[in-house]
Amino acid sequence: MEIVHLATSDDDLYAGFDDVKIAQAAHRLSAEGASRKGRLDSLFSRGGPRLVTSSTPAQDQARPLTAIRAVGYSSYGNRGFDPLNLNSKGVGKQSVFETNMETPEEKLRQLEKKINELIEEGCMCASRKDAKLALEKAKEASKKERIYVRQREQSGLGDQPNLDLTFIVLLNLASQYTLNELYSEALNTYHVLMRNRLFQNAGRLKVNMGNVYVKLGYYSKAIKFYRMALDQVTNTHKRMRIKIMQNIGVLFVKMGKYNDAIASFEYIMGENPDFKTGLNLVLCYYALNDKEKMKRSFQKLVSIQLEVSREEDDDKHFSTLDGALREAISNDTLKIFESRKKHEAEWSILMASKLISPIIDDSLNLGFTW
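Every value quoted in this text rests on a predicted model; they were computed, and no experiment measured them. (Residues numbered from 1 in each chain as written. Predicted model: local features only at pLDDT ≥ 70, side-chain atom pairs only at ≥ 80, totals over all residues. Heavy atoms only, no water.)

(A) Just the overall build of the protein chain, in detail. Helix and strand counts for the protein chain come out as 16 helices and 0 strands. In the protein chain, of all internal contacts separated by at least 6 residues, the share reaching a separation of at least 24 is 50%. Accessible area of the protein chain: about 26,500 Å², with a carbon and sulfur share of 53%. (Helix = DSSP H or I, 4+ residues; strand = E, 2+ residues; numbered from the N terminus. Contact = heavy atoms within 4.5 Å. Areas by Shrake-Rupley, 256 points an atom, 1.4 Å probe, with all protein chains shown as cover.)

(B) Structural detail: the packing of helix 8 (residues 219-232) against helix 9 (residues 238-254). Their axes nearest at 10 Å, the elements helix 8 and helix 9 cross at an angle of 160°. Relative to helix 9, helix 8 is oriented roughly antiparallel. Regarding helix 8 and helix 9, the two cross each other, and that crossing is left-handed. Packed against helix 8, whose contacting residues are Tyr 219, Ala 222, Ile 223, Tyr 226, Arg 227, Ala 229 and Leu 230, the element helix 9 presents Arg 241, Ile 244, Met 245, Asn 247, Ile 248, Leu 251, Phe 252 and Lys 254 at the interface. By residue class, the composition of the contact of helix 8 with helix 9 is 11 nonpolar, 1 polar and 3 charged. (Axes fitted to C-alpha atoms, helices over the stretch in contact; angles between N-to-C directions. Parallel < 35°, antiparallel > 145°, perpendicular 65-115°, else oblique. Left-handed = near helix turned anticlockwise from the far one by under 90°. Nonpolar A, V, L, I, M, F, W, Y, C, P; charged D, E, K, R; others polar.)

(C) Geometry of the nonpolar core. Core analysis: the biggest nonpolar cluster contains 45 residues, and Tyr 190, Leu 193, Tyr 226, Ile 244 and Ile 248 have the highest contact counts within it. The residues touching Tyr 226, leaving out its near neighbours within four places in the chain, are Val 207, Gly 210, Asn 211, Val 214, Ile 244, Asn 247, Ile 248 and Leu 251. One finds Leu 108, Leu 111, Ile 115 and Leu 118 within the second-largest nonpolar core, a separate group that totals 10 residues. (Core = buried A, V, L, I, M, F, W, Y, C linked by side-chain atoms within 4.5 Å. Buried < 20%, exposed > 50% of the residue type's maximum accessible area, 1.4 Å probe, protein only.)

(D) Expanded view of the side chain of Arg 241. Here Arg 241 is to be found in helix 9. Buried Arg 241, no salt bridge; nearest opposite-charge side chain is Asp 231, N-O distance 6.3 Å. (Lys, Arg positive; Asp, Glu negative; His and termini not counted. Salt bridge = Lys/Arg side-chain N within 4 Å of Asp/Glu carboxyl O.)

(E) Region of the structure containing the environment of Ile 268. Its location among the elements puts Ile 268 in helix 10 (residues 258-271). Once you skip the residues sitting within four places of it in the chain, Ile 268 turns out to touch Ile 242, Met 245, Gln 246, Pro 273, Asp 274 and Thr 277.

What follows is the structure in structure tokens.
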């Protein structure tokens, strides 16, 4: 029987395994190293070039890497990822990856902005007395506003009309027609505004229509529209109501209806008296030759409070100021306004006194003495 010996811990199971092959490999590596060293020594002995690596470039630009150029990478510059070579063709990245198409809402906003600019330019032309150019701007704005409305409908936004824009465009057009004395066109434009019930404050435009009829000489129609406008204006707008009443009273005077004019002027003198209305009231009673009411209306005229500073107070105040400041406020806007108010008051009282003095008494001297 064959006896089997078990390996102890000191024995190597793989001892001597492939010793020949390892020795041959070591000999081959030693021979290749000697051959390589010989070639390097021969190269440097002949003054050959130095070896360079990517960390120490021999030239200004990086060493070309052609193996990865097919997928868009390159060692020439930092051009970024450009597999389609769009940069060399002059095609921007935004035009390919980011669309710059305007939405319908953006187009409408741009068109609305252009319309508002045309309206402002037209108003500036009107302020410079260039009525013809102002009318051209207004017509162009009206044309673009119709395009604006049509585009809103095509975009599915027709159920949300821009009433403010339509209103201001038509109002500006009517005003420019009036400025150019095209009264028929102005009235037609105002009628378009009046027929649209969506415009809440369109009733006040009857004042504008009344002004147009005054220019045409149709006083009865003008009074009709003034009264219609008066019904539309609430009591909170007291100043506007008084202005309308003044227009009505003046038209009644032109028509020779002094009693109706007196009713308007008496109302104004009771609500917010002013010197022009007081003078008009005196004139109406003068036309009716009513001496007692002339005296009474003249007393109302002279009792109106002139809400400006007195000259004594101004002189006292100016004396405390230095020369530059005194000169600056002596001709400012407020000072000019006060001067006009004083002149209007003096002129109205003087004219009324000259008018009624020969009538209210037996002689001119007695009338002035009164």
